[in-house]
Amino acid sequence: MSTHQDSTLEGAFYDYVHRAGQVDPAANQRVLEFYLPFFEGHRHVLDIGCGEGQFIELLKERGVDPVGIDLDAQMIQTCTAKGLPVEQADLFAYLPAHTAEFDGLFCSNVIEHLSMPD
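Computed from a predicted model, the values in this text were never measured in an experiment. (Residues numbered from 1 in each chain as written. Predicted model: local features only at pLDDT ≥ 70, side-chain atom pairs only at ≥ 80, totals over all residues. Heavy atoms only, no water.)

Turning to helix H3 (residues 54–61), a few remarks are in order. All of the buried residues along H3 are Phe 55, Ile 56, Leu 58 and Leu 59. In a view along the axis of H3, the buried residues occupy a sector of 160 degrees, so they form one face of it. Where H3 is buried, its residues meet helix H2 (25–35), strand S1 (44–48), strand S2 (65–70), strand S3 (86–88) and strand S4 (104–107). (Buried < 20%, exposed > 50% of the residue type's maximum accessible area, 1.4 Å probe, protein only. Helix = DSSP H or I, 4+ residues; strand = E, 2+ residues; numbered from the N terminus. Arc of directions from axis to C-beta. Contact = heavy atoms within 4.5 Å.)

Written out as structure tokens, the structure reads:
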């Protein structure tokens with residue numbers, strides 16, 4: 001089980017880098033598009049640590065049924081405002097409760113946010 005307690009820290013960081021002009025959505029999309037071929041033929045994909053939902057959007061455009069999870073409440077709020085299928089959840093609690101539900105998993109930029117024990 002994750003020992004991470006603050007469910008707003010990541011959202012606050014995203015706000016900061018957006019305000020500072022340090023985000024290039026087009027560059028981020030190009031990076032995420034690199035991974036799309038790995039999900040060809042998949043029907044139901046889980047995006048672990050979905051952030052603002054960019055990969056979920058790309059999957060939906062290609063006819064995949066994605067679901068995103070993120071621990072950060074602000075990330076979930078951003079995705080929900082976009083109409084994306086997301087759930088605020090800790091990956092260590094979510095995964096055992098959803099075994100064999102997905103035929104693909106995507107997890108990018110998550111490990112650096114985990115505590116050392118996790």
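Hydrogen bonding along the main chain pairs the strands of a sheet, whether they run parallel or antiparallel. Taken in spatial order, the four strands of this open sheet run S3-S2-S1-S4, and their pairing is parallel. Every other strand in the sheet has two partners, leaving S3 and S4 as the edge strands with one partner each. Across the sheet, the mean angle from the axis of one strand to that of its neighbour is 20 degrees, orientation sign disregarded. Alignment of S1 against S2, held across five bridges, turns out to be parallel. Bridging across to S2, Leu 46 finds its partner in Val 67. Seen against the sheet, H3 touches S1, S2, S3 and S4 and runs at an angle of roughly 175 degrees to S2. (Pairing = 2+ DSSP bridges. Axes fitted to C-alpha atoms, helices over the stretch in contact; angles between N-to-C directions.)

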